[in-house]
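# Understanding the architecture of this molecule
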Amino acid sequence: MALGQGFRQQQRQSQKLAMTQRLQQSIQMLQFNVEELRDFLTQKALENPLIDVDTNWNNNHTSLSAAKNVTTKADFIERVSTSNQHSLFEYLLDQIHLTLRDTHLRQIVLYLIEYVDVNGYLRIDEAQARQATKATPIELLDAITLLQQLDPPGVGARSLQEALMLQTENDDHAPNLAYIILEEDFEAFVNRQWELLAKKYQVELADISSIYDYVRTLTPVPGAAIGQDTTGYIFPDLVVTNQNGQLALRTASMAQPVVKFRSRYYQQMGQHDDQEVTEYLKEKKSEYDWIASSLAQREATIFRVGTVIIEHQADFFLEKTTDLQPLLLRDVAQQLKVHESTISRSINGKYIQTDFGMFELKRFFTKAVSKRPTGGKVVSADSVQHRIMALIEQENKEKPLSDQKIVQILNAENVELSRRTVAKYRENLNIPPSSKRKQYLRTE
């Protein structure tokens, strides 16, 4: 009797554990983006002979309008990185074989490129390099110089300063004093001690300001553009179109993986009288049913969330404004009667295709900042940030607006913000403080 009770208890615990694992995987499926979902389902298909996954999207689908931010690979995907056939190491290796004769010096350069990181910087102790290559100090210096003459400009640098110098040296259009200032007065330059530099080099402040603007166009990671081994794509989950002023939302089914049940295999295997085979098929059929149901639930949940977003941000999708209305996770959760975590999983890494570009769903969530006295219109953080950016773009570059001055302007426009909040929004926009935005214009 005790044994029977123990067996039933163990069976009940196993069923509960299986349900918990499936619940966790259902949650994961909601959180996955399209590409992650494909990988997950492909793995399931390898484990379950009753599941067949079609991960090929329909390249012939043409119902979407060409979007401004979308490439021509297909109307419904956006390319987000450039495909390169070579890693940075291979790219450098090819150049060495094509440009350098087979000498001891080339062997040293070949050794050095093994210590160039993905950002293009040479990360090696020179004493270690000399010992490993049997190079003299002069030979090592020559090898580093040869490495630094390879493409991309700046590769082989041992510091940010050297990376900027190498790029400047390689640019025929660089300002005359740019290289020498980077070499001899780097600290003063980055600390914006421009009056000191202008006096030292006997030039105007506007000349130093122009050099600063030029240096900002250089890259601090010269090797980053090389070595992207895979092509990244954004696959939309939803598509919204403007049909004569009416917004229409649909699921972007052409990019979604399709799970199919291998019924013929199931029927053939079901003809066996073996009890183990019967139980195995039952288990795998149950798993297929669960996956199909979870996929349908995932699609329905994302669509429902997308519908609420469209309702709240209709003016944005109708291209009447670039500002967003305040919208919080809890607002959507309350409207759909689900937990906030469900909304968070539904929008993270999920994209919507519009007539004018591709956007991540979480982009449409922004908190309220204040209320205007007239009309009670709520101002979103998004619209305030747009206003701050516009003010800074229009400011006098010789007398840029301080955060406190921006606060005063916004207050006059009935937007109540603290200086600290303005500073935070400015930093979110990657805009430096006024002291670092000041420019000295040339006087004619």
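Everything here concerns the structure above.
This text gives an overview of the structure that appears in the document. Counting of residues starts from 1 at the beginning of each chain's written sequence and follows it residue by residue. pLDDT decides what is reported in this predicted model: residues at 70 or higher carry local features, side-chain atom pairs at 80 or more are listed and counted, and totals for whole chains, interfaces and linings draw on all residues regardless. The side-chain quantities take in all heavy atoms of the structure and omit both hydrogens and water.

Moving on, we come to the pairing of strand β5 (residues 246-251). Being paired, for any two strands, means DSSP has found at least two bridges between them. Secondary structure elements follow DSSP: runs of H or I of four or more residues count as helices, runs of E of two or more count as strands, with numbering from the N terminus. In the sheet, strand β4 (residues 238-243) pairs with β5 via six bridges, with the strands oriented antiparallel. If you follow Thr 241 over to β5, its bridge partner there is Ala 248.

This next bit is on the nonpolar core. We call a set of buried residues a nonpolar core when its members are Ala, Val, Leu, Ile, Met, Phe, Trp, Tyr or Cys and they connect through side-chain atoms within 4.5 Å of each other. Summary of the burial criterion: residues with accessible area below 20% of their type's maximum are buried, those above 50% are exposed, and those between are partly exposed, where the area comes from a 1.4 Å probe applied to protein chains only. If you look at the biggest cluster of nonpolar residues, it comprises 24 residues, and the most contacted ones within it are Ile 309, Phe 317, Val 332, Ile 343, Ile 352 and Phe 364. At the level of secondary structure, the elements contributing two or more residues to this core comprise β4, α13 (275-312), α14 (314-317), α15 (329-336) and α16 (340-347). A per-element tally of this core places α13 first, with five residues. Residues within four places of Ile 352 in sequence aside, it is in contact with Leu 238, Val 239, Val 240, Leu 249, Ile 310, Phe 317, Gly 357, Met 358, Phe 359, Leu 361 and Phe 364. The next biggest cluster of nonpolar side chains, apart from the first, holds 21 residues, and it includes Ile 108, Leu 122, Ile 144 and Ile 226. By definition in these notes, contact holds between two residues if any of their heavy atoms fall within 4.5 Å.

Moving on, we come to the pairing of β4. What sits between β4 and β5 in their antiparallel hairpin is a turn of two residues, with Asn 244 showing a positive phi close to 55°. Sheet topology places β4 next to strand β7 (residues 351-354); two bridges connect them, and they run parallel. Its bridge partner lying in β7, Val 239 is registered against Gln 353.

For the bond from Asp 151 to Pro 152, the omega torsion is 5°, close enough to zero to count as cis. Locating Pro 152 in the fold gives a position in the loop between α6 (137-148) and α7 (160-169). Phi angles above zero are rare outside glycine, and Lys 134 is one such case at about 60°. Tracing the backbone through its elements, the reader meets Lys 134 in the loop between α5 (126-133) and α6. Take Lys 134: its relative accessible area is 67%, and that puts it in the exposed class. Not every positive phi belongs to a glycine, and Gln 202 is a case in point at roughly 55°. Here Gln 202 shows up in the loop between α10 (194-201) and α11 (205-215).

Quick look at the side chain of Lys 350 now. Relative to the helices and strands, Lys 350 resides in the loop between α16 and β7. Under the convention used here, Asp and Glu are negative, Lys and Arg are positive, and both His and the chain ends fall outside the count. The salt bridge definition used is simple: a Lys or Arg side-chain nitrogen within 4 Å of an Asp or Glu carboxyl oxygen. Asp 237 provides the closest opposite charge to the buried, salt-bridge-free Lys 350, at an N-O distance of 6.2 Å. Every residue in contact with Lys 350, bar those within four places of it in the chain, is listed here: Leu 30, Gln 31, Phe 32, Asn 33, Asp 237, Arg 298, Ile 302, Arg 345, Phe 359, Glu 360 and Leu 361.

A few words on the packing of α10 against α11. Direction vectors running N to C along α10 and α11 enclose 115°, while the axes themselves pass 9 Å from each other. Between α10 and α11, the angle falls in the class roughly perpendicular. The hand of the α10/α11 crossing is right-handed. Contacts from Trp 194, Glu 195, Leu 197 and Ala 198 in α10 reach Leu 205, Ile 208, Ser 209 and Tyr 212 in α11. Lines fitted to C-alpha atoms define the axes here, with helix axes fitted over just the stretch in contact, and angles between the N-to-C directions of these axes take values from 0 to 180 degrees. Any angle that is under 35 degrees is reported as roughly parallel, and any over 145 degrees as roughly antiparallel; angles of 65 to 115 degrees are reported as roughly perpendicular and all others as oblique. Handedness of a crossing follows from how the near helix is turned relative to the far one, being left-handed for an anticlockwise turn of less than a right angle and right-handed for a clockwise one.

Here Asp 403 lies in helix α18 (residues 403-412). With a relative accessible area of 11%, Asp 403 lands in the buried category. Side chain to side chain, Asp 403 and Arg 426 meet in a polar contact 2.9 Å long. With residues near it in sequence (within four places) discarded, Asp 403 still touches Arg 419, Val 422, Ala 423 and Arg 426. Any pair of nitrogen or oxygen atoms within 3.5 Å is treated as a polar contact; in protein, a donor-acceptor pairing is required on top of that, and neighbouring residues in sequence qualify only through side-chain atoms on both sides.

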